[in-house]
Amino acid sequence: MSAVSKTYKLTQVGCGNMAKRWVKYAISRADIEIVALVDINRSAAEAMAREFGLDCLCSDDLDYAIRQTDSNLVFDVTIPEVHKQIVMKAVELGCDVIGEKPMAVSMADAIEMEGFVRRHGKKYSVMQNRRFSKQIREARGMIDQGRIGKPGQTTADFFLGPHFGGFRDVMNNPLLLDMAIHTFDQARYLLQDDPISVYCHEFNPPYSWYKGNASAICIFEMSDGSVFSYNGSWCAHGAPTSWQGSWRVVGSRGTLIWDGDNDPYCNVLRGEVTTDSRMQEFETVGPSEIWTGKEGHDACFDEMMASLNEGRKAETDCSDNLVSMAMVFAAIESAKRGEKIPISLDTVIR
């Protein structure tokens, strides 16, 4: 492929403030030409075109935009409630899709979307940028090297109080549906394992400004017999955790600690377990393999675009993301029922 060829004719749907990051990335690539901007408010698309100096079609109609420009790639940066509509229309018209999380607002919709994309022979990958930090990659490396032995218990705390306004304030499950999927997806990445059940207590503290439940405690049983617990709030003022969460992974030979901001480390047994001492001796070790790649959105974008160029599934392909979505919706269902819910991966993995 020539360095200046435009392999991808891109239509971006959604032209709000968050969408600017997506446009900036597209502009940075020599193989992408932005041919259309689409927004339910056409003036927002026109404003974005002016801001970035783009000579492209601006429309409030995705179908029209794709057909007029012969697009083959769509960036979906719309609100969760319309992701299904956008993705299925784009795929129907022959486009691959890269979209903002979450895939959908129901598990049934997410499963339908994945099946639709697969049957049409297209690709749909989802932004899970929190998998792509130097620190989580190094943490995963230490687990993979056996530094802490076999993981048995993992905890993640997430406590922040952002005042975004907009659609999140009126969602029924703002923490679980819009934010916790990041942490659940991180857990799957760190442990390289998937859940088989969840018990969740979801609630809305009296000081919350959200309509829906902004706090939750979840206990996931994983397929290898380990347990992952999540304790989170999106209306917590004071002593905030990192956006990456605060992590502890306890294994048979030690514990990995990552506060989400600083480098992870492991506190591991020095020598073998002995029976003649009540407490064992430990030593602290850091990563031996340093991650030098990109991070965050740009790293995830690069991976998703590389998957298109190489004809393979992205790390965050919708078929994989279904499992993280299953964790979200099973947790919501568990909270409704007040009981442990099995997570049947047979329905989401093919």
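In case you missed it, the structure is sitting above this.
The structure presented is a predicted model; accordingly, all values stated were derived computationally and were not measured.

**Some remarks on the sheet that holds strand β13 (residues 265-269)**
And then number 1: Judged by pairing direction, the sheet is mixed, and its 9 strands sit side by side in the order β14-β13-β12-β11-β7-β10-β9-β8-β15 without closing on themselves. Whereas interior strands pair on both sides, the edge strands pair on one side only; in this sheet they are β14 (282-285) and β15 (341-342).
And then number 2: In the sheet, strand β12 (residues 254-258) pairs with β13 via 4 bridges, with the strands oriented antiparallel. Following the sheet pairing, I257 is matched in β13 by Y265.
And then number 3: Along the sheet, helix α9 (residues 318-337) makes contact with β8 (195-203), β9 (215-222), β10 (227-233) and β15, crossing β8 at roughly 50°.

**Looking at the state of the cysteines**
And then number 1: What the rule picks out here adds up to 0 disulfides.
And then number 2: Between C218, a free cysteine, and C200, which holds the nearest cysteine sulfur, the sulfur-to-sulfur gap is 3.5 Å.

**Quick notes on α9**
And then number 1: Helix length check: α9 (20 residues) gives 28 Å between terminal C-alpha atoms against 28 Å at 1.5 Å per residue, within 8%.
And then number 2: Its maximal kink placed at S324, α9 deviates by approximately 25°.
And then number 3: Burial runs high along α9: 15 of the 20 residues are buried.
And then number 4: Following α9 by one or two positions, G338 adopts a phi angle in the positive range, close to 70°.

**Section: the side chain of N321**
And then number 1: Inspection of the secondary structure puts N321 in helix α9.
And then number 2: Overall, N321 belongs to the buried group, its relative accessible area being 0%.
And then number 3: With near-sequence residues (within four places) excluded, N321 lies in contact with M103, V126, Q128, I181, D185 and T316.

Reading the values: rules and limits
- Residues numbered from 1 in each chain as written.
- Predicted model: local features only at pLDDT ≥ 70, side-chain atom pairs only at ≥ 80, totals over all residues.
- Heavy atoms only, no water.
- Pairing = 2+ DSSP bridges.
- Helix = DSSP H or I, 4+ residues; strand = E, 2+ residues; numbered from the N terminus.
- Contact = heavy atoms within 4.5 Å.
- Axes fitted to C-alpha atoms, helices over the stretch in contact; angles between N-to-C directions.
- Disulfide = S-S within 2.5 Å.
- Expected span 1.5 Å × (residues − 1).
- Bend = angle between axes of the 7 residues up to and from the residue.
- Buried < 20%, exposed > 50% of the residue type's maximum accessible area, 1.4 Å probe, protein only.

Bear in mind that shape data such as this cannot, by itself, settle questions of function.
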